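The residues making up each chain are set out below.
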Amino acid sequence: MYHKAVQLPNISDPSSPIGAEENAECVMKVGEKKARSPTVDQIAKMYGWLREDHISLYSTQRSYILKKELAELENALVRYTLNYLNDKGFILVSVPDILHHSIIESCGFATKGDRNQVYKLDFMNEYGKYCLSGTSEMSLAGLLKNRIFNHAELPLKLCAVSRCLRAEVSGSEREGKLYRLHEFTKVEMFVLTLGDSKISSLMLENIKEYQTELFSDLGIHFRVLNMPTQELGSPAYKKYDIEAWMPGNQFYGEISSTSNCHSYQSRRLHIKSSRDKTDLSEKQSYVHTLNGTACAVPRMLTAIVESNWDMV
């Protein structure tokens, strides 16, 4: 019965549009669309910023090697993001990229079957229990497993920089070489709040505001979408996606998202709060968990380089 119960998806916020992706509601636009520019692939080739030749000899086809100014920009983006999050009260955590499969499943991501994006280590022996993390959300959630927090300790705001490893399927050619990858760097936010819908819903709006402030100073045009029910996945109660305009190939591409997962993850990971965690007679309740992308580096590089290109 338990194994069936954990497969049930979360409920959805009444304010989430019903249906498929095309029903997403645009709640904000920032900046102006830029005219067509060269693609980031073309610009990187001109300046020797991106190594791709013979990469399949030592890595996967959907990997990348950044060089020179583009590698410097990657590090600058991470530092810019972490400085901002530090000012907003986030605690930086260094996390592992190898996780027990139960942690990933408790976060709402399948590790079994053919239709998942999770890399597994050496199936059928001890390492078959472990997987490569697709986002530091998983590691940060696992860090808090079986914890009880005093109400006064919440909200707890954590962030991490990690490599994200995903068995992504190839997208269209117009997405470019830095869009849909098997491995990339990302800065992630992870927040615990009291198990109160009003409180966690307000925090979701705060995280969305952090994201829009971060992106607004980077010279890109983007829109914020309230995602419909079929796009929430199993864990999300409500979700916003942020899509940036990619001038090189003239399309909107997702650069960020933020989700309120209510108690979906905390029930599976046994994360609770109490007025006084040392008093066993005090009522304990499940916290709410939220996550948000602060900077998915390769997609941000694509949007920034193409949007700020001004060479004739």
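A brief report on the enclosed structure follows. (Residues numbered from 1 in each chain as written. Predicted model: local features only at pLDDT ≥ 70, side-chain atom pairs only at ≥ 80, totals over all residues. Heavy atoms only, no water.)

### Describing the overall build of the chain
Formally: In DSSP terms, a helix is any run of H or I states spanning at least four residues, a strand is any run of E spanning at least two, and both are numbered starting from the N terminus. Radius of gyration here is computed from C-alpha atoms only, and the compact-globule reference equals 2.2 Å multiplied by the residue count raised to the power 0.38. Residue burial is assigned from relative accessible area. The probe radius is 1.4 Å, only protein chains are included, and a residue is buried under 20% of its type maximum, exposed over 50%, and partly exposed in between. By the convention used here, residues are in contact when the closest approach between their heavy atoms is within 4.5 Å. We get accessible surface area from the Shrake-Rupley algorithm with a probe of 1.4 Å; when it comes to residues, only the shown protein chains can shield them. Within this scheme the basic residues Lys and Arg register as positive and the acidic residues Asp and Glu register as negative, but His and the chain ends are omitted. Working definition for charges: the position is that of NZ of Lys, CZ of Arg, CG of Asp or CD of Glu.
When helices and strands are counted, the chain shows 8 helices and 15 strands. Whereas a compact globule of 312 residues would reach a radius of gyration of roughly 20 Å, the chain reaches 20 Å, a difference of no more than 12%. Each principal axis of the C-alpha distribution contributes one length, and for the chain these read about 70 × 45 × 35 Å. Relative to its full complement of 312 residues, the chain shows a buried share of 50%. In the chain, 74% of the contacts between residues at least 6 apart in sequence involve partners at least 24 apart. Accessible surface, the chain: about 15,700 Å² in total, of which carbon and sulfur atoms supply 51%. Counting 37 positive and 38 negative side-chain charges, the chain places the centres of these two groups 3 Å from one another.

### A short note on the pairing of strand E8 (residues 156-165)
In plain terms, the rule: Two strands form a pair only when DSSP identifies at least two bridges running between them.
Most of E8 sits out of view: 8 of its 10 residues are buried. Where strand E4 (residues 91-92) and E8 come together, 2 bridges link them in parallel fashion. Paired with Leu92 across the strands is Cys159, a residue of E8. Sheet analysis places E8 next to strand E9 (residues 183-193), joined by 10 bridges and oriented antiparallel. Following the sheet pairing, Leu165 is matched in E9 by Glu183.

### Focus on helix H8 (residues 297-307)
Turn by turn, an α-helix covers 3.6 residues, leaving residues three or four places apart pointing in a common direction. The buried fraction of H8 is high, at 11 of 11 residues. Restricting attention to buried positions, one finds in H8 the residues Val297, Pro298, Arg299, Met300, Leu301, Thr302, Ala303, Ile304, Val305, Glu306 and Ser307.

### A closer look at the nonpolar core
Nonpolar side chains tend toward joint burial in soluble globular proteins. Operational definition: The criterion is simple. A nonpolar core is a set of buried Ala, Val, Leu, Ile, Met, Phe, Trp, Tyr and Cys residues joined through side-chain atoms within 4.5 Å.
Of all hydrophobic cores here, the largest spans 50 residues; its most connected members are Leu66, Leu85, Phe215, Ile220, Phe222, Ile255 and Met300. Top contributing element to this core by residue count: helix H3 (residues 68-87), with 7 residues. Leaving out residues up to four positions away in the same chain, Phe222 has contacts with Met28, Lys29, Val30, Thr212, Phe215, Ser216, Ile242, Glu243 and Ala244. One finds Leu156, Leu192, Leu269 and Ile271 within the second-largest nonpolar core, a separate group that totals 22 residues.

### Quick word on the sheet that holds strand E1 (residues 25-30)
For the record, the criterion: Between the N-to-C directions of two axes lies an angle of 0 to 180 degrees, each axis being a line fitted to C-alpha atoms and, for a helix, fitted only over the stretch in contact.
Strand order in the open sheet formed by 8 strands is E1-E10-E11-E12-E15-E9-E8-E4, with mixed pairing between adjacent strands. On the outer flanks of this sheet lie E1 and E4, each paired with one strand and no other. Here H3 sits on the sheet in contact with E4, E8, E9 and strand E15 (288-296), set at roughly 5° to E9.

### Let's talk about the pattern of salt bridges
Any two side chains of opposite charge can pair, so long as their charged atoms come close to each other. The condition that has to hold: The salt bridge definition used is simple: a Lys or Arg side-chain nitrogen within 4 Å of an Asp or Glu carboxyl oxygen.
Considering all chains together, one arrives at 8 salt bridges under this definition. Notably, a salt bridge pairs Glu153 with Lys277, separated by 3.3 Å at the nearest N-O pair. Of this pair, Glu153 sits in the loop between strand E7 (148-150) and E8 while Lys277 sits in the loop between strand E13 (272-274) and strand E14 (284-286); the two residues are 124 residues apart in sequence, bridging distant segments of the chain. In this structure Lys277 comes out as partly exposed when scored by relative accessible area, which is 30%. Ionic pairing is found between Lys239 and Asp241, a salt bridge with its closest N-O pair at 3.8 Å.

### Here's the deal with the sheet that holds E14
Taken in spatial order, the 3 strands make up an open sheet running E7-E13-E14, and their pairing is mixed. The open sheet has two edge strands, E7 and E14, and neither has a second partner. If you compare each strand with its neighbour and ignore which way they point, the axes differ by 35° on average. Note that E7 and E13 share 3 bridges and pair parallel.

### Concerning helix H5 (residues 136-143)
For H5, the tally of buried residues reaches 6 of 8 residues, placing the bulk of the element in the interior. Of the positions making up H5, those classed as buried are Ser136, Glu137, Met138, Ser139, Leu140 and Ala141. Buried positions along H5 lie against strand E5 (98-100), helix H4 (101-106), E8, E9, helix H7 (264-269) and E15.

### Considering the packing of aromatic side chains
The line we're drawing: Classification of ring pairs rests on two measures: the distance between centres of Phe, Tyr or Trp rings, Trp counted by its six-membered ring, which must be within 6.5 Å, and the angle between planes, read as stacked under 30 degrees, edge-to-face over 60 and tilted in between. For a lysine, the NZ atom is tested; for an arginine, the CZ atom; a charge sits over a ring if that atom is within 6 Å of the ring centre and within 35 degrees of the ring normal.
Within this structure, the stated rule accounts for 7 aromatic pairs. Aromatic pair Tyr179 and Phe251: ring centres 5.8 Å apart, planes at 70°, arrangement edge-to-face. One end of the pair, Tyr179, is in the loop between E8 and E9; the other, Phe251, is in strand E12 (residues 251-260), and 72 residues separate them in sequence. With respect to class, Tyr179 is no different from Phe251; both count as buried. Taken together, the aromatic side chains of Tyr47, Trp49 and Trp309 make up a single cluster linked through ring pairs. Of note, Arg223 hangs over the ring of Tyr252, and the distance from its end group to the ring centre comes to 3.8 Å. For the cation-ring pair, Arg299 lies above Tyr179, with the distance from its terminal atom to the ring centre recorded as 3.7 Å.

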